[in-house]
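Here's the letter readout for the chains.
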Amino acid sequence: MRTRHAGAATLAALTALTLAACGGGEVGGGGEETGSGSDGGGDSIKIGIKYDQPGLGYQDGSEYTGFDVDVATYVADKLGYSADQIEWVEAPSANRETMLQTGQVDMIFATYSITDERKEQVAFAGPYFIAGQDLLVAEDNTDITGPEELEGKNLCSVTGSTSAQRIKDEYAEGVQLVERPGYAECVTALTAGQVDAVTTDDIILAGLAAQPANQGKVKVVGNPFSEENYGVGLPQDNDRCEDINTAIQEMIDDGSWEKAVTSNTEGTGYTPNADLNPPKPDACA
């Protein structure tokens, strides 16, 4: 199951795959087998995702696609919710803890890295994927090959993300941090020459680089320098962590996890770290 997936398809293939991946909950199997897990305990479930991350969490009209969407749909089915019982809610990075604490969502699948600091405010199930932090630069840039080369340069990341601050703390103290509300805005700043690089997880950057407006203008450096454990964000007083971990493991064991990774990264040139994926969910605290 620990295999590498390297996309070689065209951008059109990527678009078709992401649109087909889980708009109707295909990977989750939320049709006739609804309720295969524990009792859902309600008529619907509110799940926070990103709306602007192609291949992970992406809204296209009434369709929601991407790897996070696929995993969320599968898990929801195991909890007793069919695909049409899921209410998707946009979960910007800066708002995720508040959304869980105030009950705006029941859980969050939104490239949500598990950190000790976040555990002080919310709980996590998983991880269900391990990404690596990397850099996105202009296509013709040959100077920036890693975080150490960002000294004195402008670096963009999304408000509420930990990625840029990590570079400042650990690699380039003199880097100038620029925040934008979304990654699309960061890429716009990059192509306009307002920043020298964009940082976040490699799988996110790959999806951004493959978009029509960015193709041929930007590239992923391809030198990851961290491990980002994507977890399922939950309220601290939740009673679902064990059931979610069980569902994640079942998704891995029955091949649905690998199918979701493949369909959502093919055509981007992205290669997941086969030494770290698929991960084993951590014990619930």
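Our subject is the structure listed above.
Criteria and thresholds
Residues numbered from 1 in each chain as written. Predicted model: local features only at pLDDT ≥ 70, side-chain atom pairs only at ≥ 80, totals over all residues. Heavy atoms only, no water. Buried < 20%, exposed > 50% of the residue type's maximum accessible area, 1.4 Å probe, protein only. Helix = DSSP H or I, 4+ residues; strand = E, 2+ residues; numbered from the N terminus. Arc of directions from axis to C-beta. Pairing = 2+ DSSP bridges. Axes fitted to C-alpha atoms, helices over the stretch in contact; angles between N-to-C directions. Contact = heavy atoms within 4.5 Å. Salt bridge = Lys/Arg side-chain N within 4 Å of Asp/Glu carboxyl O. Disulfide = S-S within 2.5 Å. Core = buried A, V, L, I, M, F, W, Y, C linked by side-chain atoms within 4.5 Å. Parallel < 35°, antiparallel > 145°, perpendicular 65-115°, else oblique. Left-handed = near helix turned anticlockwise from the far one by under 90°. Nonpolar A, V, L, I, M, F, W, Y, C, P; charged D, E, K, R; others polar.

Restricting attention to buried positions, one finds in helix H6 (residues 183-191) the residues Tyr183, Cys186, Val187, Ala189 and Leu190. One face of H6 carries all of its buried residues, which in axial projection span an arc of 155 degrees. Just beyond H6, the residue with positive phi is Gly193, at close to 80 degrees.

A separate point is the sheet that holds strand E12 (residues 218-220). Within the open sheet, the 5 strands sit side by side as E10-E9-E11-E8-E12. Their pairing is mixed. Strands with a single pairing partner mark the edges of an open sheet, and in this sheet they are strand E10 (176-180) and E12. Neighbouring strand axes in the sheet, compared pairwise and without regard to direction, differ in orientation by 30 degrees on average. Pairing between strand E9 (residues 154-158) and strand E11 (residues 197-201): 2 bridges, direction parallel. Bridge pairing in E11 links Leu155 to Ala197. Strand contacts of helix H5 (residues 163-170): strand E8 (133-138), E9, E10 and E11, with the helix running at about 95 degrees to E8, the strand carrying the most contacts. The strands touched by helix H7 (residues 202-209) are E8, E11 and E12; relative to E11, the strand with the most contacts, the crossing angle is about 125 degrees.

Our focus in this paragraph is the pattern of salt bridges. A full pass over the atoms with the stated rule returns 3 salt bridges. Where Glu250 meets Lys78, a salt bridge forms, and the shortest distance between an N and an O atom there is 3.5 Å. One end of the pair, Glu250, is in helix H8 (residues 241-253); the other, Lys78, is in helix H2 (residues 67-78), with 172 residues separating them in the sequence. For Glu250, a relative accessible area of 32% gives the class partly exposed. Judged by relative accessible area, Lys78 falls into the partly exposed class, the value being 21%.

Moving on: the state of the cysteines. What the rule picks out here adds up to 2 disulfides. One disulfide bridge connects Cys156 with Cys186, the sulfur atoms lying 2.1 Å from each other. Across the S-S bond of Cys156 and Cys186 the torsion is about -75 degrees, and the bridge reads as left-handed. Here Cys186 lies in helix H6 and Cys156 lies in strand E9, a separation of 30 residues in the sequence. Classification of Cys156 as buried rests on a relative accessible area of 0%. With a relative accessible area of 0%, Cys186 lands in the buried category. The residue that forms a disulfide with Cys241 is Cys284, at a sulfur-sulfur distance of 2.0 Å. What sets the handedness of the Cys241 and Cys284 disulfide is the S-S torsion sign, and at about -90 degrees it is left-handed.

Moving on: the nonpolar core. Ranked by internal contacts, the top residues of the largest apolar core, which has 56 residues, are Ile47 and Phe129. A per-element tally of this core places H2 first, with 7 residues. Once you skip the residues sitting within four places of it in the chain, Phe129 turns out to touch Phe67, Ile203, Glu228, Asn229, Tyr230, Trp257, Val261, Tyr270, Pro272, Asn277 and Pro279.

Relative orientation of the contacting elements H2 and H8 amounts to 120 degrees, with a least axis distance of 9 Å. When the interaxial angle is binned, H2 and H8 end up oblique. As H2 packs across H8, the resulting crossing turns out to be right-handed. Counting all contacts with H2, which are made through Asp70, Val71, Tyr74, Val75 and Lys78, the residues of H8 involved are Ile244, Ala247, Ile248, Glu250 and Met251. Here the contact of H2 with H8 is built from residues that sort into 7 nonpolar, no polar and 3 charged.

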